[in-house]
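Fold and contact review
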Amino acid sequence: MRTCVGCRQRALTGELLRVVAVDGRLVVDGGRRLPGRGAWLHPGPGCLARAERKRALSRALRVPGTLETDGVREHPAFAVDIGSGTFPGPSETRKQVDPS
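Let me sum up the structure you'll find in this document. Because the structure is a prediction, the values reported are computed rather than measured.

The rules we used
- Residues numbered from 1 in each chain as written.
- Predicted model: local features only at pLDDT ≥ 70, side-chain atom pairs only at ≥ 80, totals over all residues.
- Heavy atoms only, no water.
- Helix = DSSP H or I, 4+ residues; strand = E, 2+ residues; numbered from the N terminus.
- Buried < 20%, exposed > 50% of the residue type's maximum accessible area, 1.4 Å probe, protein only.
- Contact = heavy atoms within 4.5 Å.
- Polar contact = N/O pair within 3.5 Å; in protein donor to acceptor, adjacent residues only side chain to side chain.
- Pairing = 2+ DSSP bridges.
- Axes fitted to C-alpha atoms, helices over the stretch in contact; angles between N-to-C directions.
- Patch = residues over 30% accessible without salt bridge, like charges linked within 9 Å, V, L, I, M, F, W, Y side chains within 5 Å.
- Areas by Shrake-Rupley, 256 points an atom, 1.4 Å probe, with all protein chains shown as cover.
- Salt bridge = Lys/Arg side-chain N within 4 Å of Asp/Glu carboxyl O.
- Lys, Arg positive; Asp, Glu negative; His and termini not counted.
- Charge placed at Lys NZ, Arg CZ, Asp CG, Glu CD.

Some points on the overall build of the protein chain
Assigned secondary structure in the protein chain consists of 3 helices and 5 strands. Secondary structure of the protein chain in N-to-C order comes out as β-β-β-β-β-α-α-α. In the protein chain, buried positions account for 39% of the 100 residues. At a minimum sequence separation of 6, the contacts of the protein chain that also span at least 24 residues come to 52%.

Focus: the side chain of S58
In this structure, S58 sits in helix 2 (residues 56-61). Separated by 3.5 Å, the side chain of S58 and the backbone oxygen of R55 make a polar contact. Not counting the four nearest positions on each side in its chain, S58 is found in contact with V63, G65 and L67.

Remarks on the sheet that holds strand 3 (residues 17-22)
The strand order across the open sheet built from 3 strands is 4-3-5, with neighbouring strands paired in antiparallel fashion. One side of each edge strand has no neighbouring strand; the edge strands of this open sheet are strand 4 (25-28) and strand 5 (38-41). Between one strand axis and the next, the sheet turns through 35° on average, direction left out of account. For strand 3 and strand 5, the ladder comprises 4 bridges, and the chain directions are antiparallel. From the neighbouring strand, V20 faces strand 5, where its bridge partner is G38.

Here we look at the side chain of T69
As for its position among the elements, T69 is in the loop between helix 2 and helix 3 (70-73). Given a relative accessible area of 8%, T69 falls into the buried group. Of note is the side chain of T69, whose polar atom sits 2.7 Å from the side chain of E52. Apart from the residues within four sequence positions on either side, T69 is in contact with L26, E52 and L57.

Comments concerning a positive patch on the surface
Together, R8, R53, K54, R55 and R59 line one region of the surface with positive charge. If you trace the backbone, R55 turns up in the loop between helix 1 (45-53) and helix 2. By relative accessible area, R55 is classed as exposed at 60%.

Considering unusual backbone geometry
You will see that R8, though not glycine, has its phi angle at about 65°, which is positive. Here R8 is to be found in the loop between strand 1 (2-3) and strand 2 (10-11). At R32, a position not held by glycine, the phi torsion is positive, near 55°. Note on placement: R32 falls in the loop between strand 4 and strand 5. Here R32 falls in the partly exposed class, since its relative accessible area comes to 34%.

Structure follows, in structure tokens:
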């Protein structure tokens, strides 16, 4: 069990993605093998946006300042699921998206 730094909900590690800071940039650790502290997020832009707003990523990773999140935003797991009109992620935090 791990806690998503965006929504603060506990989930199994298979439901969350591990992210780590590498040279001031946030990267997805798909193999869960990169060295250093990791933070856990639900896939989808909702929890990533919440974590950025609350500055939870730099706190969880114990990195001073802000982190560049472009690498994580480009990851397919953090894309908006336009076809279904919802953000991927836990059902309690899904928000409707206007597909037009």
